[in-house]
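Structural characterization, general
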Amino acid sequence: MFSFYRAVWWVAACCCLQACSSDPCTDYTADEEPKRSTQYNVTANSTLLCDLGLSTGWYRFTSAAGGEIPTTCPPQFACGTHEPMWLNGTHPVVEDGEVDRTVCVHHLDQSGSDCCGLQVNIRVRNCSGFYVYYLTSPPGCDMAYCAGTETPCPAGTTSSNSDFTPGCFTPNNPAVTTNTAAVIVPVLCIVFMLLFLGGGLILYKGKRYGHERSVHVSPSPVRRKYSVPTIDE
């Protein structure tokens, strides 16, 4: 019996040690939802984001819209939801380690709109280049954490930020270029070939003409016979 309890104690200790030693800068859940941007406003046909029931844990926002929870109150119906959630405080520096922060919900009730009508406690860590957040479920729907400030580029434009703002531009149609070497080299080859063949033909004809002259036999001169007249004595 003692061995059984000791084994249970060791298992619990190992699990606790593993949980305590895990690094949230490498052990997190990536959230790629671009609608969390403060510039994404819902429309009548939009499906609202709702983080109710979100599993408690470390999260990193990896969308091209941006990876930081905003520190100012977004308007209602921003961030792809009805009641956006924002960070009521500052982001830590690397040396701060994990810090406690408060997230406010831009809540709407019978008394009106309140930028911090509801609050949720979270933790934040600066991972030297990005932030991770220890998030918990909000108290209701439709409430969702905001992240980032960028939006997709308009149709027909692009950018170096995965087709998100900033820096959207209309790409120019690539000009049709001609490879000069690919054109000149074959032409030169044809010209040299013609010159070579033409020169060879001229040389061949010249040699043949000279040979014919060297073997030509001049006709023998015609010898004429003359009769010598006789003189009578």
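These notes cover the structure that comes with them. (Residues numbered from 1 in each chain as written. Predicted model: local features only at pLDDT ≥ 70, side-chain atom pairs only at ≥ 80, totals over all residues. Heavy atoms only, no water.)

1. Quick notes on the overall build of the protein
The helix and strand inventory of the protein stands at two helices and seven strands. Listing each helix as α and each strand as β along the protein from the N terminus yields α-β-β-β-β-β-β-β-α. The buried share of the protein, taken over its 233 residues, is 25%. A total of about 16400 Å² of accessible surface is found on the protein, and carbon and sulfur atoms cover 58% of it. (Helix = DSSP H or I, 4+ residues; strand = E, 2+ residues; numbered from the N terminus. Buried < 20%, exposed > 50% of the residue type's maximum accessible area, 1.4 Å probe, protein only. Areas by Shrake-Rupley, 256 points an atom, 1.4 Å probe, with all protein chains shown as cover.)

2. Overview of the sheet that holds strand β5 (residues 112-126)
Across the sheet, which stays open at both edges, the seven strands sit in the order β1-β2-β6-β5-β4-β3-β7 with mixed pairing between neighbours. Looking at strand neighbours, the two that pair on one side only are β1 (29-31) and β7 (143-145), the edges of this open sheet. On average, adjacent strands in this sheet sit at an angle of 35° to one another, irrespective of strand direction. Inspection of the sheet shows β1 paired to strand β2 (residues 57-61) by three bridges, in the parallel sense. In the strand pairing of β2, Thr29 is matched with Tyr59. (Pairing = 2+ DSSP bridges. Axes fitted to C-alpha atoms, helices over the stretch in contact; angles between N-to-C directions.)

3. Details of the nonpolar core
Counting 17 residues, the largest nonpolar core has Phe61, Ile69, Met85, Ile122, Tyr133, Leu135 and Tyr145 as its most contacted members. The set of elements that each furnish at least two residues to this core consists of β2, β3 (83-87), β4 (98-109), β5, β6 (131-135) and β7. If near-sequence neighbours (up to four positions away) are discounted, Tyr133 is found in contact with Gly57, Trp58, Tyr59, Phe61, Gly67, Glu68, Ile69, His91, Ile122, Arg123 and Val124. (Core = buried A, V, L, I, M, F, W, Y, C linked by side-chain atoms within 4.5 Å. Contact = heavy atoms within 4.5 Å.)

4. Quick notes on empty space enclosed by the protein
Picture a little ball the size of a water molecule; that probe, rolled over the atoms, points out where space is still empty. Applying the stated criterion to the full structure yields one cavity of 30 Å³ or more. In this model, the largest cavity occupies a volume close to 30 Å³. Lining the largest cavity are Asp31, Arg36, Asp51, Leu54, Tyr59, Phe61, Leu135 and Tyr145. Partitioned by chemical class, the residues of the lining of the largest cavity number five nonpolar, no polar and three charged. (1 Å grid on protein atoms, 1.4 Å probe; cavity = no way out; pocket = protein on both sides within 12 Å on 5 of 7 lines; lining within 4 Å. Points joined across faces, edges and corners; volume = space filled by probe spheres on them. Nonpolar A, V, L, I, M, F, W, Y, C, P; charged D, E, K, R; others polar.)

5. Topic: the pattern of salt bridges
Across all of its chains, the model carries five salt bridges by this definition. Asp31 is the salt-bridge partner of Arg36, the closest N and O atoms lying 3.2 Å from each other. On the accessibility criterion, Arg36 (6% relative accessible area) is buried. A salt bridge links Arg36 to Asp51, with the nearest nitrogen and oxygen atoms 2.9 Å apart. Here Asp51 lies in the loop between β1 and β2 and Arg36 lies in the loop between β1 and β2, a separation of 15 residues in the sequence. We note that Arg36, like Asp51, is buried. Because the salt bridges share partners, they merge into one network encompassing Asp31, Arg36 and Asp51. (Salt bridge = Lys/Arg side-chain N within 4 Å of Asp/Glu carboxyl O.)

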